[in-house]
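The lines below spell out each chain.
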Amino acid sequence: MNILVINAGSSSLKYQLLNPETQEVLAKGLCERIGIDGKFTYKAPGKQTIDAVDVAMPTHSEAIKAVLDALVDPQNGVISSMKEIDAVGHRVVHGSETFACSVKIDEKVMAALEECIPLAPLHNPANITGIKACEAVMGKDVPQVAVFDTAFHQTMPPVAYTYALPYEYYTEDKVRRYGFHGTSHKYVSQRAAALLGKPAASLKLISCHLGNGSSITAIDGGKSVDTSMGFTPLAGLPMGTRSGDLDAGILEYLMNKHGMDINEMLNVLNKKSGVLGISGVSSDFRDLEAAAKQGNARAQLAIDVFEYNVRKLIGAYAAAMGGVDAIIFTAGVGENSPAMRLRMTAGLEFMGVKVDPEKNDCRGKEIDVSAEGATVRTLVIPTNEELMIALDTAELAK
Ligand code: AMP
C-alpha cells in the first residue's frame, strides 16, 4: 500500500510517498513559492535528486501535478502510475472540537473544515486548498484523509482546557485550549509504550516536542490530558521565535508605549520573540549554544530560560497526573541535543529521573537513556508525523 502524505502551507507543499506497512519512504520533497516563482525538490533513494527553480506553479494544483509527474517519471520515478497511490493523507492544523480523530474526507467533512477556518485563519485555508488540489488532479476515487494537529488533545478534561474567561467565550466563541503537535505526541507516546514493553493504557508519559515550535503534553493511559500550547500555537514554552505564555497585560503596555496595533504586536510575539528575542542572536539552538560558548550572555540566558521552562512543565505535568513513568524527548532539539537533554533533566532526580550521560550521548535514534536506578525512564524518540499520518490514512482508506 502506498500513501501520499501532504502538508500544504499557503505557498508551500511538503510531500512524502510511503508504505505504512514496511514504513519505507519511497520519495519525498517540497514545492515552495507556489504562486510566485515555483521551486520544486524531489528525493528518492537510488534516484536522481531534483532541485528545480522557476517551475510553473501558479496554484497548488500545478504543485500536485509536479509531484505526481515526478513520482511516475519513467526514469526517476518510484511508481509506474498514479493508480499505485492508494490514498492521500493531509495534515490539517485545526479540527476544533468537531474532530477528535482522523477522518475520511467527504463533502460534509469539507464543510466542517471550512467552519474551522476562523480558529486557524493562516493554516486551515492552505490545508483545504491542498485537499481540493489533490481531488482536482487525482479524481474523486482516491480516498483522502484529514489528520489533525489538534485531534489527539481532544481527550483533555475541561479542567485542563478551560480558560478563566467569561464562560460564554467558550460556549459561543469556542475559546479554549486545543493544543497542537498532536500527531507527533501521539506517535512518540505509542513508540514509548513499545520501547518500554508496556501497554499505553498503563503508562503516564510526558512528551516533550522541542523544535523550532515546542510543546509538552501529559499523556495518561494513552490519552492527552494536558498540553502546553493553547487556543493557538503561540502558547506554552518560549520557542524559536514565539514568546510562549506571557502576562496579557504586557500587550496593552507595549502597544501603547510603542504605538503598535494588534497585528504589529502579534508579529513581535510570533516572529521576534522566543529565544531569538532574548538572545538577539538566532532562533536556532545550535547557533545559541555556539554563541554561549563564546561567552554571549544573552544567548546563554535564552537557553537557560527555555530549559527552565521545560523542567518546570515536566514537574507540573507529573503533579497533574499524580506521577510519571517516562519522559520523552523528540523533535530537533529533543532528538539532537544531548547537552540540552542533560540540563533539562538535571534537578529532576528528586522525582526519580536520572540520565546516563554515556547513553544520552546520541542523536536521532530511539533509545532509553536512563541511568541505573532511575524510577522514571528518560526516552529519546525521533518523531515521525508523516508515518503517523500514513498509518491513520491507510486504516481509514481500507
Ligand atoms: P524542528 O522544528 O523539529 O525541525 O527543529 C528545528 C530546531 O532543532 C532547530 O531550529 C534547532 O534549534 C534545533 N536543533 C537541531 N539540531 C540540533 C542540535 N544538534 N543541537 C541543538 N539544537 C538542534
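In what follows, the structure referred to is the one given above.
Quick notes on the rules
Residues numbered from 1 in each chain as written. Predicted model: local features only at pLDDT ≥ 70, side-chain atom pairs only at ≥ 80, totals over all residues. Heavy atoms only, no water. Near = heavy atom within 4 Å. Polar contact = N/O pair within 3.5 Å; in protein donor to acceptor, adjacent residues only side chain to side chain. Areas by Shrake-Rupley, 256 points an atom, 1.4 Å probe, with all protein chains shown as cover. Helix = DSSP H or I, 4+ residues; strand = E, 2+ residues; numbered from the N terminus. Nonpolar A, V, L, I, M, F, W, Y, C, P; charged D, E, K, R; others polar. Contact = heavy atoms within 4.5 Å. Core = buried A, V, L, I, M, F, W, Y, C linked by side-chain atoms within 4.5 Å. Buried < 20%, exposed > 50% of the residue type's maximum accessible area, 1.4 Å probe, protein only. Pairing = 2+ DSSP bridges.

## Some thoughts on the site of the ligand
Next, step 1: If you check the shell around the ligand, you find Gly211, Asn212, Asp284, Phe285, Arg286, Glu289, Ala331, Gly332, Val333, Asn336 and Ser337 and nothing else.
Next, step 2: Between an oxygen atom of the ligand and a main-chain N or O atom of glycine 332, the distance comes to 2.9 Å.
Next, step 3: A distance of 3.5 Å separates an oxygen atom of the ligand from a polar backbone atom of valine 333.
Next, step 4: The protein chains hide 73% of the 500 Å² of surface that the ligand would expose on its own.
Next, step 5: Put simply, the parts of the chain that give the shell around the ligand at least two residues each are α10 (285-293) and α12 (331-336).
Next, step 6: Class assignment of the residues belonging to the shell around the ligand gives a composition of three nonpolar, five polar and three charged.

## Re the side chain of serine 102
Next, step 1: In this fold, serine 102 is placed in the loop between β6 (87-92) and β7 (103-104).
Next, step 2: A distance of 2.6 Å separates a polar atom in the side chain of serine 102 from a polar atom in the side chain of aspartate 392.
Next, step 3: Apart from residues lying up to four places away in sequence, serine 102 is in contact with Val145, Ala146, Val147, Asp392 and Leu396.

## Focus on the nonpolar core
Nonpolar side chains tend to gather and get buried jointly when the protein is soluble and globular.
Next, step 1: The biggest cluster of nonpolar side chains holds 31 residues, and the ones touching the most others in it are Ile206, Leu210, Ile216, Ile314 and Ile327.
Next, step 2: If you list the elements that add at least two residues to this core, you get β9 (204-210), β10 (214-220), α10, α11 (297-321), β12 (326-330) and α13 (338-345).
Next, step 3: Considering each element in turn, this core owes the most residues, 10 residues, to α11.
Next, step 4: What isoleucine 216 contacts, discounting residues up to four positions off in sequence, is His185, Ile206, Ser207, Cys208, Leu210, Asp226, Thr227, Ser228, Leu237, Val310, Leu313 and Tyr317.
Next, step 5: Counting 28 residues, the second-largest nonpolar core is a separate cluster that includes Leu4, Leu26, Cys31 and Ala63.

## Considering the sheet that holds strand β3 (residues 24-32)
Next, step 1: Strand order across the open sheet formed by eight strands is β5-β4-β3-β2-β1-β6-β8-β7, with mixed pairing between neighbours. Strands with a single pairing partner mark the edges of an open sheet, and in this sheet they are β5 (50-52) and β7.
Next, step 2: With three bridges connecting them, strand β4 (residues 39-43) and β5 associate as antiparallel partners. Bridging across to β5, phenylalanine 40 finds its partner in alanine 52.

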